[in-house]
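Structural features, examined
Read off the chains here:
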Amino acid sequence: MRHGLCHENRHDAALTDLADDLELFGSVMVDPDWRNECFKNRGTFSAITTYLAQLMAHDLVMSKDVDTSLAGVASRPKNLRERALQLNTIYGHGMHVDHGLYINSAGSALAESAKFKILPLQTLNGELHFLSPRFQLLVTQRRYLRAMEPILADRRNTDNTILMLLSALFMAFHNKQVDASRKASKAEKFIEARIKTILTWHNIICSDVLAQVTKSTPVAVAKATTLNGATIQAAFRCFHSLVLPDYEVRKGKVLSLEDLLSTRGVSPVFRLANDGSGNHTELDLWADTWAIDWHFFFRNRTCFSPSISAGFDPKDIFEKDLEAVTEQGPSPEILLPASIKDDVLKTLTEMSLYLGGCQQFSDKLANSPPLIVQLLCEAYVKGEAKGTLGPAGSHIVRTATTARLDATKAHLRAMFPDMMRGINLADLPRNFSSFFNEVDPNPKEGYYV
């Protein structure tokens with residue numbers, strides 16, 4: 001029991017309203033001991049899924065300043081979700097427009113390149129080599145100490161260090177496909193490499209997201225589950241529960257979530273010497289702190305539960321989740337299977353037992369649970385064996401994502417039929433591990449177990 005949650009007495013249960021219940025629910029969610037309780041005796045999957053899903057979210061919902069044209073033509077679609085899951089979040093406006101993202105091999109500001117700018121770095125002891133986006137100086141009035149920012153298409157991919165370095169892997173994979181291309185022009189090399197990278201991205205989504213977070217859904221549950229903006233929003237916001245309070249990013253190196261969310265992890269400093277020569281000591285130190293051994297990172301484990309890591313400012317996140325889902329529209333009671341209310345009641349009962357009777361939920365939350373509460377409780381009760389979403393949540397995520405994957409492939413076949421026919425899908429990586437092995441900069445053969 002977490003006694004710290006019992007410092008105030010709630011009103012009599014008969015007098016409480018849904019807002020009071022949701023406040024208590026959110027308070028329990030953020031409690032570290034409750035989170036540990038949720039993780040006990042539950043199946044888990046790799047925490048890399050958390051950040052692949054975040055990258056997928058950025059790909060599904062574009063920021064307003066990122067174009068969605070595959071070849072880089074400067075157009076603005078009215079629907080920012082159109083042609084999703086083709087890595088617009090990585091490619092930006094493409095090589096013809098967004099020159100700052102790509103290598104300028106000719107030394108001219110106007111020269112086009114089909115390859116991204118990436119930066120190979122290593123830890124101070126030289127044991128781990130890793131890839132990062134290149135950085136550029138932020139112009140300030142101070143001469144001696146300047147912050148740098150990563151050169152990325154989508155600023156949202158600097159939300160945390162993990163996501164920033166994950167973006168660099170996709171950039172490096174694209175560059176490798178450009179080098180291997182036999183196409184004549186830079187533009188053709190770019191498009192072919194991007195198509196291969198997109199198709200590999202689709203493989204990773206299927207193997208390292210969908211296969212990890214979803215379970216089978218009975219036909220009756222699928223029929224009783226409505227797919228619309230409200231349910232899709234709620235299901236994907238459940239992914240916030242996957243974030244861990246800290247991560248072992250390489251052997252013996254642990255970074256807290258608070259560290260990873262800080263600007264320190266995505267903005268190294270660059271000291272300019274008096275003679276104008278660059279002193280890279282600060283960048284070397286930054287690399288030594290933030291380097292990620294991806295195969296080692298893969299060992300961090302997580303699962304879905306009605307809890308959120310404290311370092312994530314979770315109460316605020318949960319409130320935003322509730323607000324976002326509520327804005328979508330119709331009453332949640334008609335959108336999901338009625339049996340989920342039993343999962344909500346069971347979860348609320350466990351939470352009440354955890355509170356030791358000092359605070360209790362009224363029957364209002366059990367009778368009128370918001371969508372995200374329903375799906376988190378369903379995952380907690382019915383996804384226990386593997387730590388997945390429950391049957392309804394799984395159906396929503398799997399169906400919505402598969403539809404976008406299919407639509408993207410159909411678009412590629414329509415726009416680039418010859419290139420699509422010329423790509424042997426069997427030659428592309430099937431999952432994140434094989435994808436990373438293709439761009440792994442570490443020279444030691446057999447370095448990873």
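Cut-offs applied
- Residues numbered from 1 in each chain as written.
- Predicted model: local features only at pLDDT ≥ 70, side-chain atom pairs only at ≥ 80, totals over all residues.
- Heavy atoms only, no water.
- Core = buried A, V, L, I, M, F, W, Y, C linked by side-chain atoms within 4.5 Å.
- Buried < 20%, exposed > 50% of the residue type's maximum accessible area, 1.4 Å probe, protein only.
- Helix = DSSP H or I, 4+ residues; strand = E, 2+ residues; numbered from the N terminus.
- Contact = heavy atoms within 4.5 Å.
- Salt bridge = Lys/Arg side-chain N within 4 Å of Asp/Glu carboxyl O.
- Polar contact = N/O pair within 3.5 Å; in protein donor to acceptor, adjacent residues only side chain to side chain.

Overview of the nonpolar core
Core analysis: the biggest nonpolar cluster contains 122 residues, and Phe25, Leu166, Trp201, Tyr247, Trp286, Trp294 and Phe432 have the highest contact counts within it. Sorting elements by how many residues they give to this core places helix H6 (residues 186–213) first, with twelve residues. Beyond its immediate stretch of four places on either side in the chain, phenylalanine 432 contacts Ile48, Leu52, Leu166, Leu169, Ile204, Ser207, Asp208, Trp294 and Phe298.

Topic: the pattern of salt bridges
By the definition in use, this model includes eight salt bridges. Here lysine 176 makes a salt bridge to glutamate 438, at a shortest N to O gap of 3.7 Å. With a gap of 262 residues between them, lysine 176 in helix H5 (residues 161–180) and glutamate 438 in helix H18 (residues 432–439) connect regions that are remote in the sequence. The partly exposed category is assigned to lysine 176, whose relative accessible area is 38%. The partner of aspartate 343 in a salt bridge is lysine 382, and the shortest N-O contact between them spans 3.1 Å. Taken together, the positions of aspartate 343 in helix H13 (residues 340–355) and lysine 382 in helix H15 (residues 371–382) put the pair 39 residues apart, joining distant regions of the chain. Judged by relative accessible area, aspartate 343 falls into the buried class, the value being 4%.

Description of the side chain of threonine 197
Looking at where threonine 197 falls in the secondary structure, it is placed in helix H6. With a relative accessible area of 0%, threonine 197 lands in the buried category. For threonine 197, the side chain forms a polar contact with the main-chain oxygen of alanine 193, separated by 2.8 Å. Apart from the residues within four sequence positions on either side, threonine 197 is in contact with Leu87, Tyr91, Phe170, Phe173, His174 and Gln177.

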